[in-house]
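As a plain string of letters, each chain reads:
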Amino acid sequence: MMVPPDIDAFEERAAIAEFDGGLPRAEAEDVAAQDQGFISAQFYWQWLADYVVNKGYSA
């Protein structure tokens, strides 16, 4: 069973990468998504959107 990504950890990691690391926001979000095992922030947000629409995991 998969566990939903940690949105709070994502936001915190992206903020650190952006403000302390000097990355643009889009790159900072990619770093945060990669920390949770996603290829990029686009895939992270798509996974969350699919999860919400399907009200759970789909096989």
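Before reading further, recall that the structure is shown in the block above.
The structure presented is a predicted model; accordingly, all values stated were derived computationally and were not measured.

Caption draft 1: How the structure looks around the nonpolar core. Residues Phe10, Ala14, Ala32, Ala33, Phe38, Ala41, Tyr44, Trp47 and Leu48 constitute the largest nonpolar core, which totals nine residues. For this core, the secondary structure elements donating two or more residues are helix 1 (7–19), helix 2 (25–35) and helix 3 (41–54).

Caption draft 2: Structural detail: the environment of Glu12. Here Glu12 lies in helix 1. Residue Glu12 is classed as exposed on the basis of its relative accessible area, which comes to 52%.

Caption draft 3: The packing of aromatic side chains, seen in detail. One pass over the structure, following the stated rule, counts six aromatic pairs. Judged by centre distance (5.2 Å) and plane angle (80 degrees), the rings of Phe10 and Trp45 are edge-to-face. With Phe10 in helix 1 and Trp45 in helix 3, this pair connects stretches of sequence that are 35 residues apart. Members of the aromatic cluster, joined through ring pairs, are Phe10, Phe38, Tyr44, Trp45, Trp47 and Tyr51.

Caption draft 4: Region of interest: the pattern of salt bridges. The full count for this structure, using the stated rule, is four salt bridges. When the shortest N-O distance is used, the salt bridge between Arg13 and Asp35 registers 2.6 Å. With Arg13 in helix 1 and Asp35 in helix 2, this pair connects stretches of sequence that are 22 residues apart. For Arg13, a relative accessible area of 30% puts it in the partly exposed group. Glu18 serves as the salt-bridge partner of Arg25, at 3.0 Å between the closest nitrogen and oxygen. With relative accessibility at 28%, the residue Arg25 sits in the partly exposed group.

About the cut-offs
- Residues numbered from 1 in each chain as written.
- Predicted model: local features only at pLDDT ≥ 70, side-chain atom pairs only at ≥ 80, totals over all residues.
- Heavy atoms only, no water.
- Core = buried A, V, L, I, M, F, W, Y, C linked by side-chain atoms within 4.5 Å.
- Buried < 20%, exposed > 50% of the residue type's maximum accessible area, 1.4 Å probe, protein only.
- Helix = DSSP H or I, 4+ residues; strand = E, 2+ residues; numbered from the N terminus.
- Phe/Tyr/Trp six-rings, centres within 6.5 Å; stacked < 30°, edge-to-face > 60°.
- Salt bridge = Lys/Arg side-chain N within 4 Å of Asp/Glu carboxyl O.

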